[in-house]
Amino acid sequence: MLTCPHCGHAQQATMRTNACQFFYECGNCKALLRPKPGDCCVFCSFGSVKCPPVQAQPGCCE
């Protein structure tokens, strides 16, 4: 689940298993989500679970 920091809308999203996803558009307010500083992708910043590359190797995208 990704939760938009702008409007609070939570949406089920399919995350890539082989790479980090840098952009995601909120399905409700259409805001373009970008990772917080220090995070590699939107799932690490706004998701209910970290992305697969980070789950496999912490710090993979630093």
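Values in this document were obtained by computation on a predicted structure and should not be read as measured data.

### A short note on the overall build of the protein chain
Working step 1: When you go through the protein chain residue by residue, the secondary structure sums to 2 helices and 4 strands.
Working step 2: Starting at the N terminus and ending at the C terminus, the protein chain contains elements arranged as β-β-β-β-α-α.
Working step 3: By the burial criterion, 32% of the 62 residues in the protein chain qualify as buried.
Working step 4: Taking contacts inside the protein chain between residues at least 6 apart in sequence as the whole, the part at least 24 apart equals 31%.
Working step 5: Accessible surface, the protein chain as shown: approximately 4000 Å² in total, 50% of it carbon and sulfur.

### Re the side chain of Gln21
Working step 1: Examined against the element boundaries, Gln21 turns out to sit in the loop between strand 2 (10-11) and strand 3 (24-25).
Working step 2: With a relative accessible area of 18%, Gln21 lands in the buried category.
Working step 3: Here the side chain of Gln21 touches Phe23 through a polar contact of 2.9 Å, landing on its backbone oxygen.
Working step 4: Not counting chain neighbours up to four residues away, the residues in contact with Gln21 comprise Thr14, Arg16, Cys41, Val42 and Phe43.

### Here we look at the packing of aromatic side chains
Working step 1: By the definition in use, this model includes 1 aromatic pair.
Working step 2: Relative to Phe23, the ring of Phe22 has its centre 4.9 Å away and its plane inclined at 85°; by these criteria the two rings are edge-to-face.
Working step 3: A relative accessible area of 45% means that Phe22 is categorised as partly exposed.

### Focus on the environment of Ala10
Working step 1: Looking at the secondary structure, you find Ala10 in strand 2.
Working step 2: Sequence separation between Ala10 and Gly27 is 17 residues; the distance between their C-alpha atoms is 8.9 Å.
Working step 3: Contact partners of Ala10, with chain neighbours within four places excluded, come to Met1, Leu2 and Thr3.

### Quick notes on the nonpolar core
Working step 1: In terms of nonpolar packing, the biggest core is built from 14 residues, with Leu2, Tyr24, Leu33, Cys41, Val42, Phe43 and Cys51 touching the most fellow members.
Working step 2: Here this core takes 4 residues from helix 1 (residues 42-46), the largest share from any one element.
Working step 3: Apart from the residues within four sequence positions on either side, Cys41 is in contact with Cys20, Gln21, Pro35 and Cys51.

Thresholds, definitions, all that
- Residues numbered from 1 in each chain as written.
- Predicted model: local features only at pLDDT ≥ 70, side-chain atom pairs only at ≥ 80, totals over all residues.
- Heavy atoms only, no water.
- Helix = DSSP H or I, 4+ residues; strand = E, 2+ residues; numbered from the N terminus.
- Buried < 20%, exposed > 50% of the residue type's maximum accessible area, 1.4 Å probe, protein only.
- Contact = heavy atoms within 4.5 Å.
- Areas by Shrake-Rupley, 256 points an atom, 1.4 Å probe, with all protein chains shown as cover.
- Polar contact = N/O pair within 3.5 Å; in protein donor to acceptor, adjacent residues only side chain to side chain.
- Phe/Tyr/Trp six-rings, centres within 6.5 Å; stacked < 30°, edge-to-face > 60°.
- Core = buried A, V, L, I, M, F, W, Y, C linked by side-chain atoms within 4.5 Å.

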